[in-house]
Amino acid sequence: MKYILMGATAILSGFMLFGMTWIAAAIYTTRGEGYGGFAAAISAIGYFPIFISIILVITGICFFVMAFNKHLENE
């Protein structure tokens, strides 16, 4: 059960961080301070939050797989 909770928390955190990064880039794009597009805004904000969110989602999936394997061993 703890692997499922940890996996769900990691996936939810990853999705929230990814979404908040995209929202911040969208708001930054609408300010119109000389940036041409969305890709330039993402570049200005940085790729580190996106990288961390991908790591969190992958970690959450791994926890779900571990919980599923543990469930199969118990049966």
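Note that the structure is a prediction, hence the values are computed from the model and not measured.

Examining the confidence of the model for the protein
Per-chain confidence: the protein averages 90 in pLDDT, with 95% of residues scoring 70 or above. Within the protein, helix H2 (residues 38–45) has the poorest average pLDDT of any element, 85, and helix H3 (residues 48–74) the best, 94.

With respect to the side chain of Ser-53
Topologically, Ser-53 is positioned in helix H3. Setting aside residues up to four positions removed in sequence, Ser-53 forms contacts with Gly-14, Leu-17 and Phe-18.

Here we look at a nonpolar patch on the surface
A surface patch of nonpolar side chains, amounting to about 420 Å² of accessible area, comprises Met-1, Ile-4, Leu-5 and Phe-64. Residue position: Phe-64 is located in helix H3.

Quick look at the packing of aromatic side chains
Tallied over the entire structure, the rule returns three aromatic pairs. Ring geometry for Phe-18 and Trp-22: centres 5.6 Å apart, planes at 40°, overall tilted. Here Trp-22 and Phe-18 lie together in helix H1 (residues 2–30), a separation of four residues that amounts to about one turn. Here Phe-18 falls in the partly exposed class, since its relative accessible area comes to 33%. Feature note: the residues Phe-18, Trp-22 and Phe-38 constitute an aromatic cluster, connected by ring pairs. Across the ring face of Tyr-3, the terminal group of Lys-2 is positioned such that the distance to the ring centre comes to 5.7 Å.

Here we look at the packing of H1 against H2
Packed helices, taken two at a time, are described by the angle between their axes plus the distance between the axes. Remark: H1 packs on H2, axes separated minimally by 9 Å, with the N-to-C direction vectors making an angle of 115°. In the crossing of H1 with H2, the sense of the turn from one axis to the other is right-handed. On the side of H1, the interface is formed by Thr-21, Trp-22, Ala-24, Ala-25, Ala-26, Tyr-28 and Thr-29, while H2 contributes Phe-38, Ala-41, Ile-42, Ala-44 and Ile-45. Here the contact of H1 with H2 is built from residues that sort into ten nonpolar, two polar and no charged.

About the thresholds
Residues numbered from 1 in each chain as written. Predicted model: local features only at pLDDT ≥ 70, side-chain atom pairs only at ≥ 80, totals over all residues. Heavy atoms only, no water. pLDDT = per-residue confidence, 0-100. Helix = DSSP H or I, 4+ residues; strand = E, 2+ residues; numbered from the N terminus. Contact = heavy atoms within 4.5 Å. Patch = residues over 30% accessible without salt bridge, like charges linked within 9 Å, V, L, I, M, F, W, Y side chains within 5 Å. Areas by Shrake-Rupley, 256 points an atom, 1.4 Å probe, with all protein chains shown as cover. Salt bridge = Lys/Arg side-chain N within 4 Å of Asp/Glu carboxyl O. Phe/Tyr/Trp six-rings, centres within 6.5 Å; stacked < 30°, edge-to-face > 60°. Buried < 20%, exposed > 50% of the residue type's maximum accessible area, 1.4 Å probe, protein only. Lys NZ or Arg CZ within 6 Å of the ring centre and 35° of its normal. Axes fitted to C-alpha atoms, helices over the stretch in contact; angles between N-to-C directions. Left-handed = near helix turned anticlockwise from the far one by under 90°. Nonpolar A, V, L, I, M, F, W, Y, C, P; charged D, E, K, R; others polar.

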